[in-house]
Amino acid sequence: METFKLTRKNMADLLLSLNGTASRTPHAVIGAIWSDPIQRERPPIIQKILKPVKGDIGFSLKEIVSLGNLIEFTNFPQSTVQNWVKRDVRGLIGSPNSVKSTPPNRPPCYSSSKT
């Protein structure tokens, strides 16, 4: 069975339709890609996009990687995406502050050791 691959143009159209900035829906974009007579198995991420949901569709890092790997001649591991998100999103939301694990008004915890 032939694997399902997208061109960069197809992926751009799909992402714009998911974002809502394109005139076509994700169903229409995928339908245009699937117009050839060869039956291909749909990847789970495409099945998720086609499944009707109320509201916005959210993707996990694993799903983002699988969607990106559908582009022809492209392969990148999940760790690459994790590092990219960590590096680029940190600039948008800021670095985490150094916070102690216990609240400041909590009394110290002493361990009892028998000698």
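As the structure is a prediction and not an experimental result, all values here were calculated from the model. (Residues numbered from 1 in each chain as written. Predicted model: local features only at pLDDT ≥ 70, side-chain atom pairs only at ≥ 80, totals over all residues. Heavy atoms only, no water.)

### Digging into unusual backbone geometry
One non-glycine residue, F73, lies in positive phi territory at about 60°. Owing to a relative accessible area of 80%, F73 belongs among the exposed residues under this scheme. (Buried < 20%, exposed > 50% of the residue type's maximum accessible area, 1.4 Å probe, protein only.)

### A word on the side chain of T74
Structurally, T74 can be placed in the loop between α4 (61-68) and α5 (78-93). Setting aside anything within four residues of it in sequence, one finds T74 in contact with R8, G68 and N69. (Helix = DSSP H or I, 4+ residues; strand = E, 2+ residues; numbered from the N terminus. Contact = heavy atoms within 4.5 Å.)

### Remarks on the environment of K5
Within the secondary structure, K5 sits in the segment before α1 (8-19). Judged by relative accessible area, K5 falls into the partly exposed class, the value being 37%. Spatially, the C-alpha atoms of K5 and E72 are 5.5 Å apart, while their sequence positions differ by 67 residues. Ignoring any residue separated from it by four or fewer positions in sequence, one finds K5 in contact with N69, L70, I71 and E72. Side-chain polar atoms of K5 contact the backbone oxygen of N69, separated by 3.0 Å. (Polar contact = N/O pair within 3.5 Å; in protein donor to acceptor, adjacent residues only side chain to side chain.)

### A look at the nonpolar core
If you look at the biggest cluster of nonpolar residues, it comprises 15 residues, and the most contacted ones within it are L14, I46 and L70. If you list the elements that add at least two residues to this core, you get α1, α2 (26-33) and α3 (44-50). Ranked by residue count, the leading element in this core is α3, at four residues. Discounting residues that sit within four places of it in the chain, L14 has contacts with L6, P26, V29, I30, I46, I49 and L67. (Core = buried A, V, L, I, M, F, W, Y, C linked by side-chain atoms within 4.5 Å.)

### Things to note about α4
Of the residues making up α4, those classed as buried are V65, L67 and G68. An end-on view of α4 places all buried positions within 160° of arc, on one side of the element. (Arc of directions from axis to C-beta.)

### Observations concerning the pattern of salt bridges
Counting across every chain of the model gives two salt bridges. D13 is the salt-bridge partner of K9, the closest N and O atoms lying 3.0 Å from each other. With a gap of four residues between them, K9 and D13 both fall in helix α1, about one helical turn apart. The salt bridge partner of K48 is E63, with a shortest N-O separation of 2.9 Å. Here K48 is found in helix α3, whereas its partner E63 is found in helix α4, with 15 residues between them in sequence. (Salt bridge = Lys/Arg side-chain N within 4 Å of Asp/Glu carboxyl O.)

### Notes on α1
For α1, which comprises twelve residues, the first-to-last C-alpha distance of 16 Å matches the rise-based estimate of 16 Å (1.5 Å per residue) to within 8%. All buried positions along α1 are accounted for by M11, L14 and S17. End-on view of α1: buried residues confined to an arc of 130°, all on one side of the axis. Of the exposed residues in α1, the ones pointing more than 90 degrees away from its buried face are R8, K9 and N19. Next to the buried residues of α1 lie α2, α3 and α4. Note on α1: the residue one or two positions beyond its end, G20, has a positive phi of about 90°. (Expected span 1.5 Å × (residues − 1).)

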